[in-house]
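# Descriptive analysis of the structure
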Amino acid sequence: MIALTELYKGFRDPEVIRSLAKEIATYASLIDGNVNIMEVCGGHTHTIMKYGLNQLLPDNIDFIHGPGCPVCIMPKERIDHAAALANLPGIILVTLGDMIRVPGSKGSLANYRANGCDIRPIYDPLDTLQIAIDNPDKTIVFFAIGFETSTPMTAVLIDQAEKRDIKNLVFHINHVLVPPAIDAVMADPKAKVNAFIGPAHVSVISGAKVYRPAVTNYNTPVVISGFEPVDVMQSILMIVKQKAAAKAELENQYSRSVSEEGNLTAQALVNQYLKVREHFRWRGLGPIPSSALMLRDEYAHRDAERVFAEHLPNEEIDDHKACQCGDILRGLCKPKDCKVFGRGCTPETPLGSCMVSSEGACNAYYRYNGVTE
Ligand code: SF4
């Protein structure tokens, strides 16, 4: 049997990383001005900080950390929805991992759980089915989060609930889409981004084709990249080669997993149950049209936002005054620019969402880069 380390060793080889850094420096020296590369996905932020890739780049190449962490972009009012649902009698609220630690306007779901609400973090959405079967006298709310990567898992869960006629399972859908977020970043007149590292897992589902409009509309290179450090360095090399040749193209560094069309079976299942929502407010980016999904009308009986509409607060809630997650998610500043980074705000006591998840930029800086420069 092949050991796991054998599979990834080549993708973490320091010699390969150093030689890629040298080649990047060669091409970067041919570029007039700076190249600000936004890694859209929090998984890439994690790799960059963990392996110190930011320290290997020449002065005119910089990383800007984007809005690709599903926990980080969740506005407080959506967490307040989850809390309001969990507070209702007879409800079990189920959600994925880190979500329960993100602060809402009156505390995190972890606080609500400590106060007696039945809130259960899970790692596999299909575990929710068993919770529903085991608790026929309760209503189970699946608080669904994530980008295109995790949406198919929610679609499978809805599909199973429908086919097995599990009536006590409803969904609060917060699935969001990457391409509209790229549009929102570029629409900001202060935007400093002039190239994108495209997300890996998202693109396995959506296909490479979804980034073609961004390349054309913004004359910006997009390189879809794997998550290992060699993947990321090779993607940067592809970007600087394009920049040195004054090109803007879509390239697929992660071709071992990403095709042009993506996973058509997953896309069909998602489309069967979910449709594009007119507006969704992102933390930091504000309302973005057509940037999220909701249940189709035929499945309104499974939509917690419709079933429990009268119990859900409506107001939009801003972040803590000191928190600069909004500017970080738009690529306008870095975690260490925030005055409370590592002091008032740490992974144990997060003030903002970017400090909660390991994919959050503030969390990655705190873990791998320390509190002081
Ligand atoms: S350090 Fe904390 S408060 Fe500051 S931007 Fe990051 S998450 Fe927000």
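My aim in this report is to walk through the structure given alongside it, one point at a time. Quantities reported herein were computed from a predicted structural model and do not represent experimental measurements.

Here the focus is the nonpolar core. Side chains of nonpolar character tend, in soluble globular proteins, to be buried together. Among the nonpolar cores identified, the biggest contains 123 residues, and Leu93, Leu169, Met233, Ile236 and Trp282 are the most heavily contacted of them. It is helix H11 (residues 229-244) that contributes the most residues to this core, 8 residues altogether. Dropping the residues within four chain positions of it, Leu93 is found in contact with Ala82, Leu85, Ala86, Leu109, Asp118, Ile119, Arg120, Val141 and Phe143.

In the vicinity of the ligand lie 13 residues, with Cys323, Gln324, Cys338, Cys345 and Cys362 positioned nearest. More than half of the atoms belonging to the ligand lie within 2 Å of the grid points that define the largest cavity. A per-class count over the shell around the ligand returns 11 nonpolar, 2 polar and no charged.

The subject of this paragraph is the layout of surface pockets. Looking at the largest pocket, its volume works out to about 750 Å³. The wall of the largest pocket is formed by 34 residues, among which Pro70, Thr149, His201, Ser357 and Glu359 lie closest to the centre. Counting only elements with at least two residues in the lining of the largest pocket, the list comes to strand S1 (35-41), helix H3 (42-50), strand S5 (139-146) and helix H9 (201-206). With 4 residues, H3 is the single largest residue contributor to the lining of the largest pocket. In terms of residue class, the lining of the largest pocket is built from 18 nonpolar, 11 polar and 5 charged. Every residue lining the second largest pocket is counted, 17 residues in all, and those nearest its centre are Glu148, Leu177, Gln267, Val270 and Asn271. Elements supplying a minimum of two residues to the lining of the second largest pocket: helix H7 (151-163), H9, helix H12 (264-273) and strand S10 (274-282). Per-element accounting of the lining of the second largest pocket gives the leading share, 4 residues, to H12. Looking at the lining of the second largest pocket, its residues break down into 10 nonpolar, 4 polar and 3 charged.

A grouping of Ile2, Leu4 and Leu7 is seen on the molecular surface, where their side chains present a nonpolar patch of about 350 Å² in accessible area. With respect to the element layout, Leu7 can be found in helix H1 (residues 4-9). Its relative accessible area of 53% is what places Leu7 among the exposed residues.

One pass over the full model with this rule turns up 21 salt bridges. With a shortest N-O distance of 3.9 Å, Glu23 and Lys241 are connected by a salt bridge. Linking Glu23 in helix H2 (residues 14-28) with Lys241 in helix H11, this pair joins segments that are 218 residues apart in sequence. Measuring nitrogen to oxygen at the nearest pair gives 2.6 Å for the salt bridge that ties Arg281 to Glu77. Of the two residues, Arg281 sits in strand S10 while Glu77 sits in helix H4 (residues 76-87), which places them 204 residues apart along the sequence. This pair shows no difference in class: Arg281 is buried, exactly as Glu77 is. In the salt-bridge network here, residues are joined through shared partners; they are Lys275, Asp297, Asp303 and Arg306.

What follows is about the sheet that holds strand S8 (residues 222-224). Reading across the sheet, the 5 strands line up as S2-S1-S7-S8-S9 and stay open at both edges, with parallel pairing between neighbours. On the outer flanks of this sheet lie strand S2 (61-68) and strand S9 (250-252), each paired with one strand and no other. Averaged over all pairs of adjacent strands, the angle between their axes in this sheet comes to 20 degrees, without regard to strand direction. Two strands pair when backbone bridges link them, and S8 and S9 are joined in this way by 3 bridges, in the parallel orientation. When the sheet's bridge partners are listed, Ile224 is paired in S9 with Asn252.

Taken N-terminus to C-terminus, the directions of H3 and helix H15 (residues 361-369) make an angle of 20 degrees; their axes are 9 Å apart at the nearest point. Here H15 runs roughly parallel to H3, going by the angle between their axes. Two packed elements cross with a definite hand, and for H3 against H15 that hand is right-handed. Judged by residue contacts, Thr45, His46, Met49 and Lys50 of H3 engage Ala361, Ala364, Tyr365, Arg367, Tyr368 and Asn369 from H15. Split by residue class, the contact of H3 with H15 holds 5 nonpolar, 3 polar and 2 charged.

What follows covers the pairing of strand S4 (residues 119-122). Taken together, the 4 bridges between strand S3 (residues 91-96) and S4 define a ladder with parallel strand orientation. If you follow Leu93 over to S4, its bridge partner there is Ile119. At this point the chain moves from S3, through helix H5 (residues 109-114), to the parallel S4, and the crossover so formed is right-handed.

Moving on: the pairing of S2. Among the 8 residues in S2, 7 count as buried, and that is most of the element. Bridge analysis of S1 against S2 gives 6 bridges, and the strand direction is parallel. Residue pairing in the sheet places Val35 in a bridge with Ile61 of S2. With H3 bridging S1 and its parallel neighbour S2, the resulting β-α-β unit is right-handed.

Thresholds applied
- The residue numbers shown here count from 1 along each chain, following its written sequence.
- Since the coordinates come from a predicted model, pLDDT governs what is reported: local features require at least 70, and pairs of side-chain atoms require 80 or more to be given and counted, while whole-chain, interface and lining totals use all residues.
- Note: side-chain values were computed over all heavy atoms of the structure, leaving out hydrogens and water.
- Think of a nonpolar core as a cluster: buried Ala, Val, Leu, Ile, Met, Phe, Trp, Tyr and Cys residues, connected wherever their side-chain atoms sit within 4.5 Å.
- Note on classification: 1.4 Å probe, protein chains only; a residue is buried when its accessible area is under 20% of the maximum for its type, exposed when over 50%, partly exposed between these limits.
- Under the DSSP-based scheme used, a helix requires at least four consecutive residues in state H or I and a strand at least two consecutive residues in state E, with every element numbered from the N terminus.
- The criterion used for residue contact is that any of the two residues' heavy atoms lie within 4.5 Å.
- Throughout, the term near means that a residue has one or more heavy atoms lying within 4 Å of the molecule or strand in question.
- The definitions used throughout rest on a 1 Å grid laid over the protein atoms alone, on which a cavity is an enclosed set of points accommodating a 1.4 Å probe that cannot get out and a pocket is an open set flanked by protein within 12 Å on both sides along at least five of seven lines; lining residues are those having an atom within 4 Å of a point.
- Assignment to a cavity or pocket requires that more than half of a molecule's atoms be within 2 Å of the site's grid points.
- In this classification, the charged set is Asp, Glu, Lys and Arg, the nonpolar set is Ala, Val, Leu, Ile, Met, Phe, Trp, Tyr, Cys and Pro, and all remaining amino acids, among them Gly, are polar.
- Grid points are joined across faces, edges and corners, and a volume is the space filled by probe spheres set on the points.
- Like-charged residues within 9 Å of one another, or nonpolar side chains (Val, Leu, Ile, Met, Phe, Trp, Tyr) within 5 Å, are grouped into patches, provided each residue has over 30% relative accessible area and no salt bridge.
- All accessibility values rest on the Shrake-Rupley procedure with a 1.4 Å probe; residue burial counts only the protein chains present in the view.
- Every case where a carboxyl oxygen of Asp or Glu lies within 4 Å of a side-chain nitrogen of Lys or Arg is listed as a salt bridge.
- For two strands to be treated as a pair, DSSP must find no fewer than two bridges joining them.
- Convention adopted: a line fitted to C-alpha atoms gives each axis, helices being fitted over their contacting stretch, and angles between N-to-C directions are expressed from 0 to 180 degrees.
- Roughly parallel refers to an angle under 35 degrees, roughly antiparallel to one over 145, roughly perpendicular to one between 65 and 115, and oblique to any angle outside these ranges.
- Note on convention: near helix rotated counterclockwise from far helix by under a right angle means a left-handed crossing. Clockwise means right-handed.
- A right-handed crossover is one whose linking path, passing over the helix from the first strand to the second, runs clockwise when the strands point away from the viewer.

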